[in-house]
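Here is what each chain is made of, one letter per residue.
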Amino acid sequence: MAEDKNNLLVIGISVHKPNEEDDLELQQAVDTAPDVSAQLSVALGEKFEVLGKNVDWWLYVKCISSGEEGYIPSTCVAPLKDDLTNEE
């Protein structure tokens, strides 16, 4: 599978730790969240390549630093400018 240079790159703007319980009353998307084992942690400044957007507000991504793939909440990341991503 060839990499598509048009894939969006995003950067972590808030922390997500899938093994920690969130306040379920405040999290409206709990019923649609992917299984915890399919979720990745998000750290501030961490970069991801978006591979898909097919589970409600969850993004399917590949972590640039580790190569791991999984789901992260779209609310934890923001698009990264192209000119900042040319070094790999």
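Note that this is a predicted model, so its numbers are computed, not measured.

### Focus: the overall build of the protein
For step 1, the next point in the chain: Along the backbone of the protein there are 0 helices and 5 strands.
For step 2, the next point in the chain: The secondary structure elements of the protein, listed N-terminal to C-terminal, are β-β-β-β-β.
For step 3, the next point in the chain: Look at the contacts in the protein between residues 6 or more apart in sequence, and 58% of them connect residues 24 or more apart.
For step 4, the next point in the chain: Here the protein has roughly 6,300 Å² of accessible surface; of this, 48% comes from carbon and sulfur atoms.

### Considerations on the pairing of strand β3 (residues 58-63)
For step 1, the next point in the chain: Relative to strand β4 (residues 69-73), β3 is paired through 5 bridges, and the arrangement is antiparallel. Considered in β4, the bridge of K62 is made with E69.
For step 2, the next point in the chain: Taken together, β3 and the strand that follows it, β4, pair antiparallel across an intervening segment of 5 residues, in which G67 is found at a positive phi of about 80 degrees.

### Some remarks on the nonpolar core
For step 1, the next point in the chain: By size, the foremost hydrophobic cluster in this structure holds 11 residues: V10, L40, V42, F48, V50, L59, V61, C63, I72, C76 and V77.
For step 2, the next point in the chain: Elements with a contribution of two residues or more to this core: β2 (47-55) and β3.
For step 3, the next point in the chain: If one sorts the elements of this core by residue count, β3 sits on top with 3 residues.

### A closer look at the side chain of H16
For step 1, the next point in the chain: Counting through the fold element by element, H16 comes out in the loop between β1 (9-12) and β2.
For step 2, the next point in the chain: Among the polar contacts listed, one links the side chain of H16 to the side chain of Q39, at a separation of 2.9 Å.
For step 3, the next point in the chain: In this structure, H16 is in contact with Q39, L40, S41, V42, W58, P73 and C76, ignoring residues within four places of it in sequence.

### Topic: the environment of A33
For step 1, the next point in the chain: Its place among the elements puts A33 in the loop between β1 and β2.
For step 2, the next point in the chain: Distance in space between the C-alpha atoms of A33 and I72 is 9.3 Å, their sequence separation being 39 residues.
For step 3, the next point in the chain: Apart from residues no more than four positions distant in its own chain, A33 is found in contact with Q39 and W58.

The rules behind these values
- Residues numbered from 1 in each chain as written.
- Predicted model: local features only at pLDDT ≥ 70, side-chain atom pairs only at ≥ 80, totals over all residues.
- Heavy atoms only, no water.
- Helix = DSSP H or I, 4+ residues; strand = E, 2+ residues; numbered from the N terminus.
- Contact = heavy atoms within 4.5 Å.
- Areas by Shrake-Rupley, 256 points an atom, 1.4 Å probe, with all protein chains shown as cover.
- Pairing = 2+ DSSP bridges.
- Core = buried A, V, L, I, M, F, W, Y, C linked by side-chain atoms within 4.5 Å.
- Buried < 20%, exposed > 50% of the residue type's maximum accessible area, 1.4 Å probe, protein only.
- Polar contact = N/O pair within 3.5 Å; in protein donor to acceptor, adjacent residues only side chain to side chain.

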